[in-house]
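Listed below, chain by chain, are the residues.
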Amino acid sequence: MPLCKPAPAGQAGTARLLVTCPDRSGIVAAVSGYLHKRGVNIIHSDQHSTDPQGGRFFMRQEFYFPGLEGCLDELMGDFESEVAAQFNMNWRVLLARRKKRMAVLVSRLDHALMDLLWRVGRGELPAEIPLVISNHPDLKHAVESFGVAFHHVHVPEATDAPRGRGLSLPEERMLELLSGAPGGPVEFLVLARYMRILSPAFVKRFPQRIINIHHSFLPAFEGADPYRRAAERGVKLIGATAHYVTGRLDKGPIIEQDVIRVSHRHRLDELKILGRDIERQVLSRAVRWHLEDRVLVDGNKTIVFA
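Described below are features of the structure shown in this document.

Conventions and cut-offs
- Residues numbered from 1 in each chain as written.
- Predicted model: local features only at pLDDT ≥ 70, side-chain atom pairs only at ≥ 80, totals over all residues.
- Heavy atoms only, no water.
- Buried < 20%, exposed > 50% of the residue type's maximum accessible area, 1.4 Å probe, protein only.
- Helix = DSSP H or I, 4+ residues; strand = E, 2+ residues; numbered from the N terminus.
- Pairing = 2+ DSSP bridges.
- Phe/Tyr/Trp six-rings, centres within 6.5 Å; stacked < 30°, edge-to-face > 60°.
- Contact = heavy atoms within 4.5 Å.
- Polar contact = N/O pair within 3.5 Å; in protein donor to acceptor, adjacent residues only side chain to side chain.

## Considerations on the pairing of strand S3 (residues 56-64)
In step 1: S3 sits mainly inside the fold: seven of its nine residues count as buried.
In step 2: As paired strands, strand S1 (residues 14-22) and S3 are joined by nine bridges and run antiparallel to one another. Note on S3: the bridge partner recorded for Val 19 is Met 59.
In step 3: Looking at chain direction, strand S2 (residues 41-49) and S3 are connected through eight bridges and run antiparallel. Residue Ser 45 lies in a different strand from S3, and its bridge partner there is Gln 61.

## With respect to the packing of aromatic side chains
In step 1: Using the criterion set out here, one finds three aromatic pairs in the structure.
In step 2: Both rings, one in Tyr 34 and one in Phe 79, keep their centres 5.3 Å apart while their planes meet at 85 degrees; by these two values the pair is edge-to-face. With Tyr 34 in helix H1 (residues 27-37) and Phe 79 in helix H3 (residues 79-87), the pair connects residues that are 45 residues apart, well separated along the chain. Here Tyr 34 matches Phe 79 in class, with each residue buried.

## Digging into the environment of Ser 49
In step 1: As for its placement among the helices and strands, Ser 49 is situated in strand S2.
In step 2: You can call Ser 49 partly exposed: its relative accessible area is 24%.
In step 3: Between the alpha carbons of Ser 49 and Arg 24 there is a distance of 9.4 Å; along the sequence they are 25 residues apart.
In step 4: When near neighbours in sequence (up to four residues on either side) are disregarded, Ser 49 contacts Asp 23, Arg 56 and Phe 57.
In step 5: Looking at Ser 49, its side chain comes within polar contact range of the main-chain oxygen of Asp 51, at 3.1 Å.

Rendered as structure tokens:
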């Protein structure tokens, strides 16, 4: 058993173990047995199998050990050889009390950005936001009022942007800002209505670590002014989708979606207000689940232990 010093006041002593592997009998028993022998208390456990015969197994366990922050590496040092190897596991363990560092990319629409800044500032989301990057200067003062650095990086219109397989010049500048952020590099990104397309080369720098939010009219109403065209079509549902970003535009693994009913009584401006509200809610849930290590990716789908 690891010899851990007692945790200082305020330290939770909890960690999360995330496991993905081919499904077979004995996985949960092996993991739980390993932790039990080391005096660890499992306080929460979720698991899912895509198919009991030849499927994939996903597990999230949260466990407690006094003074865990000082001995996590020692505690899990033999996990690979004693457990993970025999089940061909892809696994990682993370301290629950550590706040992840996220940057927000935004254009001119501020509703999703302001909601994230407010929730982080209030302590409702366990994250740090060291900087916001925008392709417009409009939101500089609003962002800085939260004590967060704001950087304007101009990105040309798609028709003017250089077409290539590498990083664009604005993306190179954004990577410089993200790696040099106050307090250390940024771990993941949130596109809070960032109205520019990121190159595959940029996305590859943050695999499964870029979250996007958009309305759920796609693919029916693509392009500009979707709410007007949806109103003209007489839709009865509006909604929002939050997903991880991949090289395929708006087709990455979906984390969260939601809808609300509307009717012929709703004017265009009311539809937009309702749309912004549901985008805020869906994005905040998706970001929270990512921060709490509740999302495991299965191909182009997600397993969300929420």
